Amino acid sequence: HVAAAAGLPLHAAGGIEDEAYWQDVSARYGETVRYLGFLSTAELQAMLGSAVALLQTQEWEEAFGGTTVEAMACGTPVVAYRRGANVELVKDGVTGYLVDPADLDQAVAAVGQVGRMDRAACRQTASAGFGLDRLRAAYDDWFRRLGVA
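Rules used throughout
Residues numbered from 1 in each chain as written. Predicted model: local features only at pLDDT ≥ 70, side-chain atom pairs only at ≥ 80, totals over all residues. Heavy atoms only, no water. Helix = DSSP H or I, 4+ residues; strand = E, 2+ residues; numbered from the N terminus. Buried < 20%, exposed > 50% of the residue type's maximum accessible area, 1.4 Å probe, protein only. Contact = heavy atoms within 4.5 Å. pLDDT = per-residue confidence, 0-100. Patch = residues over 30% accessible without salt bridge, like charges linked within 9 Å, V, L, I, M, F, W, Y side chains within 5 Å. Areas by Shrake-Rupley, 256 points an atom, 1.4 Å probe, with all protein chains shown as cover. Salt bridge = Lys/Arg side-chain N within 4 Å of Asp/Glu carboxyl O.

Helix and strand counts for the chain come out as eight helices and five strands. Listing every helix and strand of the chain by position from the N terminus yields α-β-α-β-α-β-α-β-α-β-α-α-α. Expressed along its principal axes, the backbone C-alpha trace of the chain runs to roughly 55 × 30 × 25 Å. When the 149 residues of the chain are sorted by exposure, 31% land in the buried category.

Here we take up the environment of Val114. The topology assignment puts Val114 in the loop between α6 (104–113) and α7 (119–130). On the accessibility criterion, Val114 (3% relative accessible area) is buried. If sequence neighbours within four positions are ignored, Val114 has contacts with Val52, Ala53, Pro77, Val79 and Tyr97.

What follows covers the confidence of the model for the chain. Taken as a whole, the chain shows an average pLDDT of 91; of its residues, 99% reach a score of 70 or greater. Of all helices and strands in the chain, the one with the weakest mean pLDDT is helix α8 (residues 132–146) (86), whereas strand β5 (residues 96–99) scores best (97).

Below, the discussion takes up a nonpolar patch on the surface. Together, Leu132, Leu135, Tyr139, Trp142, Phe143, Leu146 and Val148 make up an exposed nonpolar region whose accessible area comes to about 730 Å². Mapped onto the secondary structure, Val148 falls in the segment after α8.

In structure tokens form, the structure reads like this:
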């Protein structure tokens, strides 16, 4: 709904878990919705890096937000419902926008504002929180606490 209301195409990648739902969405939105299937890492990075924004408007509580981090690592702002892991991952107004769940007007307005964001800030935030240096430091700390390092 958000992409269509913003006048933008929606590209989806990965697996389809609910075929009936996907068929309904495809019938309702026609050519503005495109399923790309499973993409290689390079293809996914290219798609995410060229996107206006990543929409995270799922109805469930996302436990980690891997797709959010991937998009930010590609320099893409995220427009997400204010719930689950996205509340901790998205820096509102810096790496994207957090909107009230199911508030279509607020989500569309946020999509309209992401073009003003510094995409480098998205990459920097993802790298600082989830890059290899951060992962290495977390493992070192964990091993130290276990007494094996």
